[in-house]
Amino acid sequence: MEQSATMQDDDVIDGHHAVHYVNRVGWLRAAVLGANDGIVSTASLLTGIAASGASSQTVLLSGIAALVAGAMSMAAGEYVSVSAQSDTERADLAKEKKALAQQPHVEWQELRDIYVDRGLTAELAGQVATQLMNADALAAHARDELGISEISTARPIQAALTSAATFSVGAIAPVLAAVANPSHAIAVVAVTSLLCLALLGYVGARLGGGGMARSVARVVFWGVFAMLATSAVGKIFGAAI
């Protein structure tokens, strides 16, 4: 009984249901993507240029340029891609609204059949479909037929701003590391970036409810791979990089 009560307490906060991790998926995806790309792309560029034998000033200017260009690119890319998703959602909702106006009984049958497939009896599914359509037919079909909900709705501006901001935060770490010790830029950038990637994996796992070890390992692995690859290119092609 004590265990059951504890579990209930953990699931409810101040008399309300706890906020689940999926509620964070919209901004968390953009934040992790932006920060990870900021760290990896900037650190990889800096190690590649440093490995080519370029001057400290060139390395620093390249890092700053990468930060600004990357943040703008992330913002534009997220806005365009998420806007395309938003356009598709609006088009589907418009079609569904038209169908509800022209053939409400057919739409009711579709909703009923969805609930039957999920395990309800046909009678109960029909009652549920009727009540939900009476309350808000479009919302019911958007959620259960199209899979569009408040949680998953595309938010282009939020995604763009989040990605740009987190890219900048991620990119500034390797740039500052290169400034702090330009004579050993490759080593300090690599170490700083890997520590930041490990922290990012940890924070992402905490916010998203995922496994800590797996989250940290995958971001660190790809960070190491990217920096090794660009360092090799810098070594091979020299200052021409």
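Small disclaimer: the values here were computed from a predicted structure and weren't measured. (Residues numbered from 1 in each chain as written. Predicted model: local features only at pLDDT ≥ 70, side-chain atom pairs only at ≥ 80, totals over all residues. Heavy atoms only, no water.)

Attention shifts here to the environment of Thr 130. Here Thr 130 lies in helix α5 (residues 122-144). When the C-alpha atoms of Thr 130 and Trp 108 are compared, they prove to be 7.1 Å apart, with 22 residues separating the residues in sequence. Polar contacts involving the side chain of Thr 130 include one to the side chain of Trp 108, which spans 2.9 Å. (Helix = DSSP H or I, 4+ residues; strand = E, 2+ residues; numbered from the N terminus. Polar contact = N/O pair within 3.5 Å; in protein donor to acceptor, adjacent residues only side chain to side chain.)

Further remarks concern the packing of aromatic side chains. How two aromatic rings sit relative to each other is given by the distance of their centres and the angle of their planes. Applying the stated criterion across every chain yields a total of two aromatic pairs. Look at Phe 221 and Trp 222: their rings are 5.0 Å apart centre to centre, the planes differ by 80 degrees, and that puts the pair in the edge-to-face class. In this structure Phe 221 comes out as partly exposed when scored by relative accessible area, which is 47%. Taken together, a centroid distance of 5.7 Å and an interplanar angle of 80 degrees make the contact between Trp 222 and Phe 225 edge-to-face. Residue Trp 222 and its partner Phe 225 are located together in helix α8 (residues 212-237), separated by three residues, close to a single helical turn. Accessibility assignment for this pair places Trp 222 and Phe 225 in one class, exposed. (Phe/Tyr/Trp six-rings, centres within 6.5 Å; stacked < 30°, edge-to-face > 60°. Buried < 20%, exposed > 50% of the residue type's maximum accessible area, 1.4 Å probe, protein only.)

Take the nonpolar core next. Ala 43, Leu 46, Ile 49, Ala 50, Val 59, Val 175, Ala 177, Ala 178, Ala 185, Val 189 and Met 227 together form the largest nonpolar core, which totals 11 residues. Among the secondary structure elements, those contributing two or more residues to this core are α2 (25-51), α6 (156-180) and α7 (185-208). Contacts of Ala 50, omitting those with residues within four sequence positions, involve Val 59, Ala 185 and Ile 186. (Core = buried A, V, L, I, M, F, W, Y, C linked by side-chain atoms within 4.5 Å. Contact = heavy atoms within 4.5 Å.)

A cluster of nonpolar side chains, contributed by Leu 60, Leu 61, Ile 64, Val 68, Met 72 and Val 179, occupies part of the molecular surface with about 530 Å² of accessible area. By residue number, the principal contributor to the nonpolar patch is helix α3 (residues 56-102), which donates five residues. For Val 68, the position within the fold is in helix α3. Classification of Val 68 as partly exposed rests on a relative accessible area of 48%. (Patch = residues over 30% accessible without salt bridge, like charges linked within 9 Å, V, L, I, M, F, W, Y side chains within 5 Å. Areas by Shrake-Rupley, 256 points an atom, 1.4 Å probe, with all protein chains shown as cover. Salt bridge = Lys/Arg side-chain N within 4 Å of Asp/Glu carboxyl O.)

With the rule as written, the count across this model stands at four salt bridges. Across the salt bridge formed by Asp 113 and Arg 112, the nearest N and O atoms sit 3.2 Å from each other. Owing to a relative accessible area of 22%, Arg 112 belongs among the partly exposed residues under this scheme. It is possible to trace a salt-bridge network through shared partners that takes in Arg 118, Arg 143 and Asp 144.

With that settled, the discussion passes to α5. Across its 23 residues, α5 extends only 16 Å between first and last C-alpha, which sits more than 12% below the 33 Å expected from 1.5 Å per residue. If you look at α5, its biggest bend is around 120 degrees, right at Asp 136. For α5, the full list of buried residues reads Ala 125, Gly 126, Ala 129, Met 133, Ala 137, Ala 140, His 141, Ala 142 and Asp 144. The inward-facing, buried residues of α5 contact α3 and α4 (104-117). (Expected span 1.5 Å × (residues − 1). Bend = angle between axes of the 7 residues up to and from the residue.)

Right, let's get into the side chain of Asp 144. Along the chain, Asp 144 turns up in helix α5. By relative accessible area, Asp 144 is classed as buried at 14%. A distance of 3.2 Å separates a polar atom in the side chain of Asp 144 from a polar atom in the side chain of Arg 118. If we ignore the near neighbours within four places in the chain, the residues touching Asp 144 are Leu 111, Ile 114, Tyr 115, Arg 118 and Leu 132.

So, about the environment of Met 74. Structurally, Met 74 can be placed in helix α3. You can call Met 74 buried: its relative accessible area is 11%. Note: C-alpha distance between Met 74 and Gly 34 (40 residues apart in sequence) is 7.0 Å.

For the rest of this paragraph, the subject is the packing of α3 against α6. Pairs of packed helices are described in terms of their axes, by the angle between the two and the distance that separates them. Close contact between α3 and α6 brings their axes to 8 Å; oriented N to C, the two are set at 165 degrees. With respect to each other, α3 and α6 are oriented roughly antiparallel. Viewed along their axes, α3 and α6 form a crossing whose handedness is right-handed. When its residues are assigned to classes, the contact of α3 with α6 shows 21 nonpolar, six polar and one charged. (Axes fitted to C-alpha atoms, helices over the stretch in contact; angles between N-to-C directions. Parallel < 35°, antiparallel > 145°, perpendicular 65-115°, else oblique. Left-handed = near helix turned anticlockwise from the far one by under 90°. Nonpolar A, V, L, I, M, F, W, Y, C, P; charged D, E, K, R; others polar.)

Another point: the packing of α3 against α4. Orientation of α3 relative to α4, taken along the N-to-C sense of each, is 115 degrees, at an axis distance of 5 Å. The residues of α4 that touch α3, namely those facing Glu 96, Ala 99, Leu 100, Ala 101 and Gln 102, are Pro 104, Glu 107 and Glu 110. Classifying every residue of the contact of α3 with α4 gives four nonpolar, one polar and three charged.

From the geometry alone we can't say anything about function, so treat these as descriptive.
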